[in-house]
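So you can see what is in the structure, the chains are spelled out below.
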Amino acid sequence: MIRGHSVNCADAVRTTPAECTCACAGDFHGGPHTERIRALVWDPGRRANYSRTQVSKAKKKARDALAMNAAAQEACADFAVTHMIDVLIAETHATEQQVARETLKTVLEPFVEEIVNADLDEAEARNIETAVNNLHIICALCVETLKLIDQVKSLANAAADVIAQSVADGLGDHTFLTTAVKAVLKDALTRSFEAVIALAADPVKVKMLRVIGFATCPNVKAHPEVEKYCVAPLANEYVTASLQEWIDQNFPSDSALLKRAPRRNKKKT
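Enquirer: What should I look at first to understand helix H5 (residues 122–134) in this one?
Expert: Count 3.6 residues to each turn of an α-helix, and residues three or four apart come out pointing the same way. Over its 13 residues, H5 extends 18 Å from the first C-alpha to the last, a length consistent with the 18 Å expected when each residue adds 1.5 Å. For H5, every residue scored as buried is listed here: Ala125, Val132 and Asn133. Down the axis of H5, the buried side of the element spans an arc of 85 degrees, and every buried residue falls inside it. On its buried face, H5 sits against helix H1 (7–10) and helix H4 (94–116). Here H5 starts with a cap whose side-chain oxygen sits 3.2 Å from the backbone nitrogen of Ala123, and that cap is Asp121.

Enquirer: Looking at this structure, I do not really get helix H2 (residues 44–68). What am I missing?
Expert: Compared with an ideal rise of 1.5 Å per residue, which puts 25 residues at 36 Å, H2 spans 36 Å between its outermost C-alpha atoms and is within 8% of the ideal. As for H2, its buried residues are in contact with helix H3 (72–91) and H4. Asn69 lies just past H2 and shows a positive phi near 55 degrees.

Enquirer: Quick question: what am I supposed to make of the environment of Ala62 here?
Expert: The residue Ala62 is located in helix H2 in this model. Classification of Ala62 as buried rests on a relative accessible area of 0%. Excluding anything up to four places from it in sequence, Ala62 contacts Ala75, Cys76, Phe79 and Leu258.

Enquirer: Looking at this structure, I do not really get the nonpolar core. What am I missing?
Expert: A general trend in soluble globular proteins is that nonpolar side chains are found buried together. Residues Met84, Phe214 and Trp246 are the most contacted members of the largest nonpolar core, which totals 54 residues. Looking at this core element by element, the count peaks at eight residues for H3.

Enquirer: What should I look at first to understand the side chain of Thr190 in this one?
Expert: Its place among the elements puts Thr190 in helix H7 (residues 179–200). Judged by its relative accessible area of 8%, Thr190 is buried. Of the polar contacts made by the side chain of Thr190, one reaches the side chain of Asp161; its length is 3.5 Å. In this view, Thr190 contacts Ala160, Asp161 and Ala164; residues no more than four positions away in its chain are not counted.

Enquirer: Mind showing me how you'd approach unusual backbone geometry here?
Expert: Residues apart from glycine generally show negative phi values, whereas peptide bonds are mostly found in trans. Even without being glycine, Asn236 reaches a positive phi, approximately 60 degrees. Mapped onto the elements, Asn236 comes out in the loop between helix H9 (224–231) and helix H10 (241–248). Its relative accessible area of 65% is what places Asn236 among the exposed residues. Phi is positive for Asn250, close to 65 degrees, though the residue is something other than glycine.

Enquirer: Would you explain the packing of H4 against helix H8 (residues 203–215) in this entry?
Expert: Axes are the key here: two packed helices are described by the angle between their axes and the distance separating the axes. Where H4 contacts H8, the two axes come as close as 9 Å, and the packing angle between them is 65 degrees. In terms of axis orientation, H4 runs roughly perpendicular to H8. Every pair of crossing elements has a handedness; the one defined by H4 and H8 is right-handed. When H4 is examined against H8, the residues Glu96, Val99, Ala100, Thr103, Leu104 and Val107 are found in contact with a partner set consisting of Val204, Lys205, Lys207, Met208, Leu209 and Ile212. Of the residues contributing to the contact of H4 with H8, the split by class is eight nonpolar, one polar and three charged.

Enquirer: Quick question: what am I supposed to make of the pattern of salt bridges here?
Expert: Pairing between side chains of opposite charge can happen when their charged atoms approach one another. Inspection of the entire model under this criterion finds 11 salt bridges. Lys147 is paired through a salt bridge with Glu225; the nearest N and O atoms lie 2.5 Å apart. Note that Lys147 is positioned in helix H6 (residues 138–169) and Glu225 in helix H9, a separation of 78 residues in sequence. Under the relative-accessibility criterion, Glu225 is labelled partly exposed at 30%. Here Lys186 and Asp161 are joined by a salt bridge, their closest N and O atoms 3.6 Å apart. Highlighted residues: Lys186 in helix H7 and Asp161 in helix H6, separated in sequence by 25 residues.

How each quantity is defined
- Residues numbered from 1 in each chain as written.
- Predicted model: local features only at pLDDT ≥ 70, side-chain atom pairs only at ≥ 80, totals over all residues.
- Heavy atoms only, no water.
- Helix = DSSP H or I, 4+ residues; strand = E, 2+ residues; numbered from the N terminus.
- Expected span 1.5 Å × (residues − 1).
- Buried < 20%, exposed > 50% of the residue type's maximum accessible area, 1.4 Å probe, protein only.
- Arc of directions from axis to C-beta.
- Contact = heavy atoms within 4.5 Å.
- Polar contact = N/O pair within 3.5 Å; in protein donor to acceptor, adjacent residues only side chain to side chain.
- Core = buried A, V, L, I, M, F, W, Y, C linked by side-chain atoms within 4.5 Å.
- Axes fitted to C-alpha atoms, helices over the stretch in contact; angles between N-to-C directions.
- Parallel < 35°, antiparallel > 145°, perpendicular 65-115°, else oblique.
- Left-handed = near helix turned anticlockwise from the far one by under 90°.
- Nonpolar A, V, L, I, M, F, W, Y, C, P; charged D, E, K, R; others polar.
- Salt bridge = Lys/Arg side-chain N within 4 Å of Asp/Glu carboxyl O.

The following block contains the structure:
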């Protein structure tokens, strides 16, 4: 029987994604803390129910940790991500959820394969496993990529007028290219250039990169850039207002978010 995505699979840096034996089929293999998003590997028909169960379990662990003040930040971070994934599953179609899975695989697969194939002795292999699973590595990579995308967009927007003008000026001398026509063409080219740049950074995949950055972060409160580049842009979408407030206030134990959810009314048959 194939088991669901486990902590052991998420922590793996000694085996390749191709050697994965769990339900994630290698997609989440070696992805630190990706057990938080294990609901995404379940069949779409059972995914929502399974996700709600994971939220309940993570919420209880966060409440208990806060009450005992024991590893509370870690438990709260686990719950925050589990809650975010539950909203993503509830609010999106299975195809968009598949994009999240494929984006994570794109990030993780070469990373894990490179580590597995490195010539490391037993001690160094343990050291790299500890580093990958405890430090801000994959989430930091996501943040730096998101920064670069923002910079490229900013530079592209600044260059749009210049490039459009250059194309318009290169059209040659024709009687039908009046000043008014050239002006309209230049504006039209500017709009098209901006659209082409947008294609280079697929909005859905960028959004999923934010999801991955949040999901793989050991502790979002210790990594402010994840809050800025990953959590905040997902606000009022996958990150609800109540979840964002809870994170912003450093996981208060009296948050309404931690209260037991009311029982759902059974559907009449």
